[in-house]
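Each chain is listed here by its residues.
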Amino acid sequence: MNWRTIFLLWVLAALVWIGGWFLWSISVDSRTAQLDEGFAPVFVTGSVPWSQIDQIEISRGGENIFEFKRRDGRWFQTLPFEFPVDTARLMEVVDQANGLTARAALADVAGSTKELLDSTGLGEDAPFVKLAWKEGSVKVRFGHRLPAGFAWIDLGGEQVQPRAARSTLHDAALLTDLRQWRQTSLFSRADVECDRLVSESPGRDGKTQRLEIVRDGSAWKVVSPISTRADRAAVERWLEALARAQASGFVVDRPTQLMPFGLEKAAGVVEIYASSRKTDADGRVTVQPIVERLEIGAPIRPGATDRFARLSDRPEAIMEIDGTAVAAAIPPTLLMIDPTATGQRPEDVRVIRLEPAVGEALRIERVGSEWKLSSASGAHATTTAKVEGLLGKLCDSRASEITLSAVPADLIVGRIVLESFDGREISSVNVSRERNEGRFGVDDGSGVLRIFPPSLGLRFDATAYASE
């Protein structure tokens, strides 16, 4: 068989496939047309103001009812309890109702009413969707499903009138777990309006460890378990992580017991304190405090990182959160501490005082764009680059390790004080060093020891900064 014969066979096969596909598509279009024959929109154009729908009620049958209402552009579940929901899921129901089509022909009503209701599933307890707006409402009751993607519906009039409709609205309202329509974001105030962050978690000794950070002007301050400077970048990363944190899903509503979920006494807690400011018609501003609190419970199964949780202002809903959300909620305390030696900006410093444990104290003062060094023995010319290098070590260098401990007094090599342009002391730290020219330790008196590598090279002698 030569290449020409092979080519002709390939062309023939392609033509057969194209012809088969064409005949199949005609058949499918024909069947679809037959299925759609006699179907018409359930709601006449203009009869329902779909954009004004502000209440949706969904019954799964009997008393299993969910109600949703729109307030200020947002949708909330209001029954069985209040919880914000994903607007897109409600709009899907509205869109499916808007596009609902049904056969004009009614079901066979020759038998008794009971037989009719039994055969169509449209009895008193039939599930339904009710869509309401300010001036009115419409209701679609759901009956049994039919073959080929159809189902019985009734528009809820005084007399049941079953019609066969596409099951798209059935699918949107009845086949999904309505609890999963709720918004999964855990925090809404993890933003610039936040002024306090608190987390609690069990320590290795079993005792509760509390991390509390408060806003201090434009900066942040750790106030528990110790009082010290906070790392602003780390706090902002924490806020960003909290803003992204989401629940994996909703497990159960209104449980009779919290113990199975580890929420009788939460294993972990994170709180965000913020304020809401509103201006009334008279121009008066009122400030309303807001607290968002997440309670973290037991692992969903032994060894799992996912945990049960609930929001304190909506305690009826038990949810799952994954390991990422847990880590975002409760960060290690040491990660929140400012790792720089002084926490100051170089441009805010006018005077550096170096006070060694042994030897002569030095004063380095900014004069215009240069620096002047003086001591008890007199004045010395300095190299600007060397002084600015010292400032960089004190203001910008980050500790390689942080511990909540005091430095042994016998390792202290000196004290460094920074003064501002108005003569105030803005930072005072003790500097220690391990023996054999080891690591440096910087202690600002807060109970936090910031440890730097030997390469930091802090020196207290005038020759380190004098001109050569």
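Residues numbered from 1 in each chain as written. Predicted model: local features only at pLDDT ≥ 70, side-chain atom pairs only at ≥ 80, totals over all residues. Heavy atoms only, no water.

A.B. asks: Quick one: what's the story with the overall build of the protein, residue by residue and with numbers?
C.D. replies: The number of helices and strands found in the protein is seven helices and 28 strands. Taking all contacts inside the protein whose residues are at least 6 apart in sequence as the whole, residues at least 24 apart take part in 57%. (Helix = DSSP H or I, 4+ residues; strand = E, 2+ residues; numbered from the N terminus. Contact = heavy atoms within 4.5 Å.)

A.B. asks: Tell me about the packing of aromatic side chains, and please be specific about residues and values.
C.D. replies: A full pass over the atoms with the stated rule returns five aromatic pairs. Between Phe39 and Phe150 the ring centres are 5.2 Å apart and the planes differ by 40°, which places this aromatic pair in the tilted class. Here the residue Phe39 occupies a position in strand E1 (residues 39-41), and Phe150 occupies one in strand E9 (residues 150-154), the gap between them amounting to 111 residues. Here the two residues Phe39 and Phe150 agree in accessibility, since each one is buried. A centroid spacing of 5.4 Å and a plane angle of 85° characterise the contact between Phe83 and Phe250, whose relative ring orientation is edge-to-face. Of the two residues, Phe83 sits in strand E5 (residues 83-84) while Phe250 sits in strand E15 (residues 247-253), which places them 167 residues apart along the sequence. One exposure class covers both Phe83 and Phe250, and it is buried. One residue, Lys139, lies across the ring of Phe128, its end atom 4.1 Å from the ring centre. (Phe/Tyr/Trp six-rings, centres within 6.5 Å; stacked < 30°, edge-to-face > 60°. Buried < 20%, exposed > 50% of the residue type's maximum accessible area, 1.4 Å probe, protein only. Lys NZ or Arg CZ within 6 Å of the ring centre and 35° of its normal.)

A.B. asks: Lay out helix H2 (residues 87-98) in plain terms, naming residues and giving numbers.
C.D. replies: With 12 residues, H2 should cover 16 Å at 1.5 Å per step; its first-to-last C-alpha distance of 16 Å lies within 8% of that length. Among the residues making up H2, those that are buried are Leu90, Val93, Val94 and Ala97. Angular distribution of buried residues about the axis of H2 spans 95°; they occupy a single face of the element. Taken together, the buried residues of H2 touch strand E2 (55-59), strand E3 (65-71), strand E4 (74-79), strand E7 (128-133) and helix H4 (168-174). With a side-chain oxygen positioned 3.1 Å from the backbone nitrogen of Ala88, the residue opening H2 is Asp86. (Expected span 1.5 Å × (residues − 1). Arc of directions from axis to C-beta. Polar contact = N/O pair within 3.5 Å; in protein donor to acceptor, adjacent residues only side chain to side chain.)

A.B. asks: Residues and numbers for the side chain of Thr333, please.
C.D. replies: When you line up the elements, Thr333 lands in the loop between helix H6 (323-329) and strand E20 (351-356). In this view, Thr333 contacts Leu211 and Pro225; residues no more than four positions away in its chain are not counted.

A.B. asks: Help me get a handle on the sheet that holds strand E21 (residues 362-367), residues and values and all.
C.D. replies: Overall, antiparallel pairing links the nine strands, which are arranged E23-E22-E21-E20-E25-E26-E27-E28-E24 in an open sheet. Both edges of this open sheet fall to strand E23 (378-381) and strand E24 (401-403), since each of them pairs with a single strand only. Within this sheet the neighbouring strands show an average axis-to-axis angle of 25°, counted without direction. Relative to E23, strand E22 (residues 370-375) runs antiparallel, the two sharing four bridges. Bridged to Lys372 within E23 is Ala381. Each of E20, E21, E22 and strand E25 (412-419) is contacted by helix H7 (residues 384-395), which is oriented at about 85° to E22, the strand it contacts most. (Pairing = 2+ DSSP bridges. Axes fitted to C-alpha atoms, helices over the stretch in contact; angles between N-to-C directions.)

A.B. asks: Explain the pattern of salt bridges residue by residue, including any values.
C.D. replies: In total, this model carries 33 salt bridges according to the counting rule given. Across the pair Arg232 and Glu236 runs a salt bridge, and its minimum N-O distance is 3.2 Å. Residue Arg232 and its partner Glu236 are both found in helix H5 (residues 232-244); the two are separated by four residues, about one turn of the helix. For Glu236, a relative accessible area of 35% puts it in the partly exposed group. The partner of Asp410 in a salt bridge is Arg435, and the shortest N-O contact between them spans 2.7 Å. Of this pair, Asp410 sits in the loop between E24 and E25 while Arg435 sits in the loop between strand E26 (425-433) and strand E27 (440-443), and the two are 25 residues apart along the sequence. When sorted by exposure, Asp410 lands in the same class as Arg435, which is exposed. (Salt bridge = Lys/Arg side-chain N within 4 Å of Asp/Glu carboxyl O.)

A.B. asks: How would you explain the sheet that holds strand E11 (residues 194-202) if you had to name every residue and give the values?
C.D. replies: On the basis of which strands lie adjacent, the open sheet formed by nine strands has the order E14-E13-E12-E11-E16-E17-E18-E19-E15 and antiparallel pairing. The two strands at the open ends of the sheet, each matched to only one other strand, are strand E14 (228-229) and E15. Pairing of strand E12 (residues 208-216) with strand E13 (residues 219-224) involves five bridges; the strand directions are antiparallel. Each bridged residue has a counterpart across the sheet, and for Arg215 the counterpart in E13 is Trp220.

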